[in-house]
Amino acid sequence: MLSKPILFLLPLLYGFWFAFELSHIAPPASENLYAYAYQFHKVKHVLTLGVAFMLGIWSIRSDFHRPGYSWMGSLPVSIWTRITAKYTVYLIYLSLFTAAMAIVFIYYGWIRQLSVSAVIDYTLLFALQYEVSYAVTLALAMLLSAWIPGRITYLIGFCAWMFGTFFLDVFIINRYELYPLTTFHLNQFLVDSLLESELWGHSIIADELWYARGFTLSVTLLLLVAAAAYLTLHRPSRLRRWWLGLCAGAAALVILCFIPYGKLWIDRYKEYEAAREDAASYEQLVSKNKPDEFRIGEYQLSVSRISNHRIQVDAVLTIPNYDQEKTASLPFVLNRNLEVTRVQWNHQSVAWVRDGDRFILESVRPDPDLEFQTLELSYNGPLYEWMVLSERPAIPVFLSGKNAFLPESAAWYPLPGEQFRYFKGRMDTDKLYLNTEAGLGYKARFKVHFQGFDHRLYGTIPETESSKPGNQQFESAETDGLTALSGSFIEVTVPEEPVRIITTPSNKLEAERFLRDLSKHLNYYRSWLNEPPNGIDQIFYLSLANQGYVGGMAKVTGHSLILSETTSHNLDKYQLEKTVNAYLFGDLHMNYYSEPEEEQPHSIVGLIRNAFYYLYLREEMHFTHEQIVKGSLAGVYPLLSLNQGTDLYAMIDRAIAEGKTAQVKSLLNTFYQRGLSIQSHSSEADIPVITEQEWLEEWNRVMQPYSGEER
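Residues numbered from 1 in each chain as written. Predicted model: local features only at pLDDT ≥ 70, side-chain atom pairs only at ≥ 80, totals over all residues. Heavy atoms only, no water.

Participant: An account of the environment of K402 is needed here, citing residue identities and associated values.
Facilitator: Tracing the chain through its elements places K402 in the loop between β10 (392-400) and β11 (403-406). It is 35 Å that separates the C-alpha atoms of K402 and I92, two residues lying 310 residues apart in sequence. Not counting residues up to four positions away in its chain, the partners in contact with K402 are H455, S486, G487 and S488. Among the polar contacts made by the side chain of K402, one reaches the side chain of S488 at a distance of 2.8 Å. (Helix = DSSP H or I, 4+ residues; strand = E, 2+ residues; numbered from the N terminus. Contact = heavy atoms within 4.5 Å. Polar contact = N/O pair within 3.5 Å; in protein donor to acceptor, adjacent residues only side chain to side chain.)

In C-alpha cells form, the structure reads like this:
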C-alpha cells in the first residue's frame, strides 16, 4: 500500500465530498442534517465498497497466485496468519473512510447546533454500519480471489459488488418484499429503509440491527476461514481434517447467529400476512358512507406500561343513548394484539366477540332510564407492528424503550363502528396501505392517564398541570382523538410565543426560523381578533414515512398540527400558510370553494377565510391589490375566486383606501365569532353557511354609508 500513495488520498477526497454535500444544506429546502447524511451514505458509500473489493482481490492475487512467490509457502508462517494480517491492514485502511465521514459529520453537527448526545448517537450508527460493510465486503473479495485465480476474478468481483448493493436492494428486496435479505446487502444503507428516520429509525429496530450485525460478522469469519482453508488444502497438508472441521464450526456459528434473526422475521411476516388478510379492499374503504349507529361521548383511559412493548389499559367509555332498533350489536375496532380480559355494560358483565381488529358486543341493550350508557373494559398486550405499507417497510405503531408512537388509527383504544386500519390498493391488490382516516370522525371528551412511562410522552391534546414524569395526564373537553408519542425530541420555542414546535435535533435551526416567522403572523391576528384563536398550540414536525404515511402528510388533531417531514416537504412558506390556517380555523381546508346549488344557499365562507390573509398582505407586507391578484396565481397566499360574484377583496381594497381598516377588522371579527371552521369537504352540514347577502348586509351595517358592489 505504501507504494500506492494515491490510495491514501481517497479517504481524504471522500471526506471532502461528504463535506461538499452537507455544505449545501440551506433554505428553502429541508435542513435536516441526518436526512442528507443518509442520502449520501446510501449511494456514495457503495463506491467505497468498490475500493474494498479491489483491495481484497489484489491482496490474494499479489502473492498467493503468483509462481514467483511460491517460496513464501516454506516460511514458518501459516496461510491463516498471512490472510488475517492482510485483512487487518486493509480493514484499517478502509476505516479511514469511516474516520473521514465521522469527522465531517461531527463538524457539521456542531455547526447545525445538534446536541452532543445526538451527534454521538448518529456518528456511532453510521460508523458501525460502515465498518460492518467493509468487514464482510473485504472478506468476500478475498474469498473470491482465493477461489478464482485468473484475472476474471476482477470482473466477477465487479458483478458481486453491483449485485450485493444496488441490484439486491432495488430489484430483489424492494420488488419482492424480501426484507430479511437486508442483512446480505453489502452497503447496509438501503434505498427504502427504516434507518432513514432520524427519530424512529435505528432506535426502534435495535434488536434487528444487532442480530444482523452478529450474523454478518459470523459470515465474515466463515469467508476468511473458507479462503484460508482453500489455499491451505490446495497444497498437500496434514491439517486437512482440522481445516474442514474449522469450516464446519464457522458454518455452525453462522447458523446459530441466523436463528434469532430468522425468528424475528418469521414473527413479523406472520403478523403482516394476518393484517393483509383482514385489510379492506379499496372499494370497501371508499364505499363506507354509513354513519355510526352510536357515538362515544367520553373516553376515560388509564394506561400502564407493564414491559418494553406491552401496555395494560382500563377504559371507561360513555355512550349517549342510541336507537336500539337500528343496531343489534355494537362493533368496535381494537388493535388485534390487545387481549380483552374484562367487559361490563352498565356495570354488568357481557359477552364479546374478537375477530382480528374487530371487537363486537352482541345483544347489549341500552337502559332507557339512564342518561347515557357506560362501557367498561380492560385489555393488555404488545404494541409493535412491522408492516410493508405503501411499498416500503413501516412500523405504524410501536412502544420500544424510550420511543413510542400510538396514533389513534392504531386503535390502541376502542374506535366505534366498522372501520379498517389497513386497505389494499385499487389496482395492486397485494399492496397494503395505512388508513390514516381511521378514528372517531367527530369530537368527544378525553381523559387519559399514563403511568410507568420512564420518558416523557407528548400528546396531541393538552397535558394537565398535575402531570409529572412517569405519571402524565392529558385532558380535552372536545377532540377528535389522541395520539401519544415519545422519543429524542427537542422543543423549539421563541420568546413570548405560546406555540411550540416539537421536532428532531437535526431540525433545530430550521424550526427556530420557522417559528419566528410564524410568530409574526400570529401576533398580527392576535392584535385585533376579539376572540383569541384556539386552533393549535403545538406543532409536531417529524418524518412519518416509517409509519406508513405517504409523502408530506399534514393533519390537525386535538390541539396539535402534525407535519410529516421529507426533504421536499419541509418548513417552507407553504407550511407557514398551512400552520396559520390551522391556528386561525382549526383545519387545513385551504382554498376552499363550494359550488352553488339550487336548493341550498351558497356559502362564501372560503372567501371570508381568505380575507384574513388578504388583510395581512395589505397591512403587514404592504402589497397592493394588483400585486396580490397577480401573485395569487403564483401562490403568494391561498387567495381564490378573486373575480367571482361579490369581490370581497376589491371591497376591502376600497375600504383600506378610505381609511376604514378598523371597520374591516370589526367585520371579520363578527364572522370569526360566528365560526369559520370547515370540518369536512364531504358534508355541507359541516360547512358554515354564510351567504353573499349576509356578507353585504353586515358590510353595509359596519361601513355606513360605504357599500359593496356586484362585479
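Participant: Account for the pairing of strand β22 (residues 554-557), with residues named and values stated.
Facilitator: Relative to strand β23 (residues 560-564), β22 runs antiparallel, the two being bridged by four bridges. Counted as the bridge partner of T557 is S560 from β23. Between β22 and β23, which pair antiparallel and follow one another directly, the connecting turn spans two residues, one of which, G558, has a positive phi of 60°. (Pairing = 2+ DSSP bridges.)

Participant: Give me the lowdown on the sheet that holds strand β18 (residues 484-486), citing residues and values where you can.
Facilitator: Strand order in the open sheet formed by five strands is β9-β10-β11-β18-β16, and the pairing between neighbours is antiparallel. At either margin of the open sheet sits one strand with a lone partner, and together these are β9 (384-389) and β16 (458-459). Relative to β10, β9 is paired through five bridges, and the arrangement is antiparallel. Its bridge partner lying in β10, E385 is registered against V397.

Participant: Please provide a residue-by-residue account of the packing of aromatic side chains, values included.
Facilitator: Counted by the stated rule, this structure contains 67 aromatic pairs. Ring centres of F671 and W695 lie 5.6 Å apart, and the angle between their planes is 25°; on these two criteria the pair is classed as stacked. Taken together, the residues span a long stretch of sequence, with F671 in helix α14 (residues 661-674) and W695 in helix α15 (residues 692-703) at a distance of 24 residues. Using a relative accessible area of 0% as the deciding quantity, one classes W695 as buried. The ring of W210 has R213 sitting right over it, with the charged end atom 4.6 Å from the ring centre. Above the face of the F585 ring, R609 is positioned so that its terminal group lies 4.4 Å from the ring centre. (Phe/Tyr/Trp six-rings, centres within 6.5 Å; stacked < 30°, edge-to-face > 60°. Buried < 20%, exposed > 50% of the residue type's maximum accessible area, 1.4 Å probe, protein only. Lys NZ or Arg CZ within 6 Å of the ring centre and 35° of its normal.)

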